[in-house]
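# Descriptive analysis of the structure
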Amino acid sequence: MIFQTYDFSQVEAVLVDSQVSNLRLMRNILSGMGIKRVHPFLTMSGVMETVLTVVPDILLIEAEEADDEALKFVRWVRTDLNSPNPFMCVIVTTWQPTTTLLNRVTNSGADDLLVNPVLSKQMSERVNSLIEERKRFIVTADYIGPDRRKMPRAEVSQIPMLDPPNTLQMKVAGHWNRAMERDKIAWGVAWINAQKIIRDAMQVAILIEFATPGLLQTPPERASFDHLLRVSTFVEDLHRRLIGHSEEASIATNCKAILALIEQTCSTPEQSIVESDLAQIKTQVLDLMCTLNPGRSSEELASEVIDLVAACRARFVQQIAERAALSATQSASQSIVELLQPFPVKRC
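Described below are features of the structure shown in this document. (Residues numbered from 1 in each chain as written. Predicted model: local features only at pLDDT ≥ 70, side-chain atom pairs only at ≥ 80, totals over all residues. Heavy atoms only, no water.)

## A closer look at the nonpolar core
Here is the rule: Residues grouped as a nonpolar core are buried Ala, Val, Leu, Ile, Met, Phe, Trp, Tyr and Cys residues, joined through side-chain atoms within 4.5 Å. Exposed residues in this analysis have more than 50% of their type's maximum accessible area, buried residues have under 20%, and partly exposed residues fall in between, with area computed by a 1.4 Å probe over protein chains only. Secondary structure elements follow DSSP: runs of H or I no shorter than four residues count as helices, runs of E no shorter than two count as strands, and numbering proceeds from the N terminus.
Within the largest apolar cluster, 37 residues are counted, with the highest numbers of intra-cluster contacts made by Val-231, Leu-238, Val-285 and Met-289. For this core, the elements supplying multiple residues, two or more each, are α7 (178–215), α8 (222–240), α9 (248–265), α10 (275–292) and α11 (298–340). Top element by residues in this core is α7. It accounts for 11 residues. With 24 residues, the next largest nonpolar core counts Leu-15, Leu-23, Met-123 and Leu-130 among its residues.

Printed below as a string of structure tokens:
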């Protein structure tokens, strides 16, 4: 693949690396590409302030499995309402490319992962890919960032995607000015918020429906209460994102009612839950979903929730079966190893 040569003179980059030698190496690599405006950090101290002030086009940040601070910051960039640009390009670097870390990097919303030590050619290719072939963004209840689905699941296959405002691309192509950057980012944030409140409401309905059988048991299932308690996180996020919504007042009232009902229901986890109380919560949630989806009927939305919960349950059962099979295989392998061990020799 042949990439163009770009003018990086206007690009702002924030670089975070805990090793002095590697920080110097990475800065030299960026400088060699033509990125002169590099803000280097050995720790996360001061990074937030710089990101808020400079609003970088690209963030290069080191992450390790034992330290979650860097990836929490990446997630903040993507999801927090105070983030100055949720669409900045993010490349994570690491010395420990474990499967666990790879999953965490993916879930944080980062664009890419590079394994240290990084070569100049690798960095140049990845940065050029972010300019020319950047993945579209997707918004779900618990994720905002590049869409990396290999095989789209039923519950997300119809979710709209966004070509993220890319200030890195704008600058290297000579199409950038501050007013354009501000307008495009504001438009993108508004799009994210519109999608996020819809996804939040759907997740609330899914959690409640998923928890219902366990909540109606005697005594109620503890895990089902945990699902119900998670509802508050998504309702509160939805409430925070309502600014400027045409139905802001009525939705806010609905959110408060749902939170009050959840709190009341979870106040006595040792007691059986009355089915009518759950029905009241579901009614409030369905009203919320109808307000956020004016073109869809309550019957259609309720049916979609039931279908999604059925898919979640099927996937959950499959995962349990796969884990059981893996555990049995490992136990059998261990038994064979033990049988093949020589008998111990008794020493006199």
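The structure having been displayed, the exposition proceeds.
## Structural notes on the environment of Ile-198
Convention followed: Between two residues, a contact is recorded if the distance between any of their heavy atoms is within 4.5 Å.
Take Ile-198: it is sitting in helix α7. Note on Ile-198: relative accessible area 22%, which makes it partly exposed. The sequence separation of Ile-198 and Thr-291 amounts to 93 residues, and the corresponding C-alpha distance is 9.7 Å. Beyond its immediate sequence surroundings of up to four residues, Ile-198 is in contact with Leu-292 and Asn-293.

## Looking at the pairing of strand β2 (residues 37–41)
Stated formally: Between any two strands, pairing holds if DSSP finds at least two bridges.
With five bridges joining them, strand β1 (residues 12–16) and β2 adopt parallel strand pairing. Directly across from Glu-12, in β2, lies its bridge partner Arg-37.

## Description of the packing of aromatic side chains
Two aromatic rings, taken as a pair, are described by how far apart their centres are and by the angle between their planes. Our working definition: Pairing of aromatic rings covers Phe, Tyr and Trp, the last counted by its six-membered ring, and requires centre-to-centre distances within 6.5 Å; plane angles under 30 degrees mean stacked, over 60 mean edge-to-face, and any other angle means tilted. Any Lys NZ or Arg CZ that is within 6 Å of a ring centre and within 35 degrees of that ring's normal is treated as a charge sitting over the ring.
In total, this model carries three aromatic pairs according to the counting rule given. Centroid distance Phe-73 to Trp-76: 5.6 Å. Interplanar angle 15°. Geometry classified as stacked. In this pair, Phe-73 and Trp-76 are both assigned in helix α3 (residues 69–79), three residues apart and thus about one turn of the helix distant. Judged by relative accessible area, Trp-76 falls into the buried class, the value being 16%. Taking the ring centre of Trp-176 as reference, the NZ or CZ of Lys-171 above it sits at 4.7 Å.

## Section: the sheet that holds strand β3 (residues 58–62)
Whenever strands of a sheet pair, they do so through backbone hydrogen bonds, lying parallel or antiparallel. Rule in force here: In this analysis an axis means a line fitted to C-alpha atoms, helices contributing only their contacting stretch, and an angle means the value between N-to-C directions, from 0 to 180 degrees.
In spatial order, the strands read β2-β1-β3-β4-β5; together these five strands make up an open sheet with parallel pairing. Each having just a single partner strand, β2 and β5 (112–115) make up the two edges of the open sheet. Averaged over neighbouring strand pairs, the angle between their axes works out to 20° when direction is ignored. Alignment of β3 against strand β4 (residues 89–94), held across five bridges, turns out to be parallel. Bridge assignment links Ile-58 to a residue of β4, and that residue is Cys-89. In the packing of helix α2 (residues 47–54) onto the sheet, the strands contacted are β1 and β2, and the crossing angle to β1 comes to about 175°.

## Brief notes about unusual backbone geometry
Note on backbone geometry: most residues besides glycine have negative phi, and most peptide bonds are trans. Here the bond from Asn-116 into Pro-117 is cis, since omega is 0°, no more than 30 degrees from zero. In this structure, Pro-219 follows Thr-218 across a cis peptide bond, with omega equal to -5°. Mapped onto the elements, Pro-219 comes out in the loop between α7 and α8. With a phi close to 55°, Val-55 is a non-glycine residue in the positive phi region. Structurally, Val-55 is set in the loop between α2 and β3. Among the residues examined, Val-55 registers a relative accessible area of 17% and is labelled buried.

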